[in-house]
Amino acid sequence: TFGTATDFADNTITANWEANRYKVVLNLNDNNFENGSTKVESPIVVEGNELEVKQGLVELWVVYGTTYETLYMGEDSDETVTLTQIANAMKRDGYTFSAWMTAAEDGTVFVETNKHETEQTATIFAVWTAKEFKLTINKNIDKVEVEVSTGSGDNKVVITPVEGTYTVVFDTTISLKATVSEGYN
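Reading the values: rules and limits
- Starting afresh in each chain, residues are numbered from 1 along the sequence in its written order.
- Reporting in this predicted model follows two pLDDT cut-offs: at least 70 for local features of residues, and 80 or more for side-chain atom pairs to be given and counted; totals over whole chains, interfaces and linings ignore these cut-offs and use all residues.
- The basis for every side-chain value is the complete set of non-hydrogen atoms in the structure, without hydrogens or water.
- Partly exposed describes any residue whose relative accessible area lies between the buried limit of under 20% and the exposed limit of over 50%, with all areas from a 1.4 Å probe on protein chains only and scaled to the type maximum.
- To qualify as a helix, a DSSP run of H or I must reach at least 4 residues; to qualify as a strand, a run of E must reach at least 2; elements of each kind are numbered from the N terminus.
- Only strands that DSSP links by at least two bridges are regarded as paired with each other.
- Note on contacts: a residue pair qualifies if any of its non-hydrogen atoms lie within 4.5 Å across the two residues.

Colleague: I'm lost on the pairing of strand β4 (residues 57-63) in this one. Help?
Modeller: Where a strand is regular, its side chains alternate between the two sheet faces. In terms of burial, β4 is a largely internal element, 5 of the 7 residues being buried. Pairing between strand β1 (residues 21-27) and β4: 7 bridges, direction antiparallel. Its bridge partner being in β4, Leu-26 is matched across the sheet by Val-58.

Colleague: Help me out: how do you make sense of the environment of Gly-74 in this one?
Modeller: Along the chain, the position of Gly-74 falls in the loop between β5 (71-72) and β6 (80-81). Residue Gly-74 is classed as buried on the basis of its relative accessible area of 15%. Along the sequence, Gly-74 and Lys-23 sit 51 residues apart, while their C-alpha atoms lie 8.9 Å from each other. If we skip the residues at most four places from it in the chain, Gly-74 touches Arg-21 and Trp-61.

Purely geometric stuff here, so don't read any function into it on its own.
Structure (structure tokens):
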């Protein structure tokens, strides 16, 4: 109780509200590739703090009505991290981090200045670009035929390259088959 009206004349009562925190799931999008794909190294270490990766996901928290520029490492934690810090700390063999998106495929670019204005969990997807490497073919003699195939099944592509250098994308399986003419081995 605050007393009676005779104890004091004017009163001001102020309510103090604290915005709720809601879960933000970072889908590292590292399991949607063909056999032999690489995973993001776990844990992700940002300024001495370890972010646990569970089945390609990282869980963080955001305060309702604020931007994603400050993400909390737990529902009750004061430790914070940014999407930029996480992107810079992630390591994945053969790939370069490209952007955060609103969907795994065909999403729009997600920016940290977006405000969280829902009581739902937000899911943000990492997008990766496969690094490119060079493949040089040198047949040494004119009698050798070289066949290069990439992919498998309906996606298999067979080319008969000439000598030269070709660009190969990481995580692409390449089979080389050389047919040697009579009199050569």
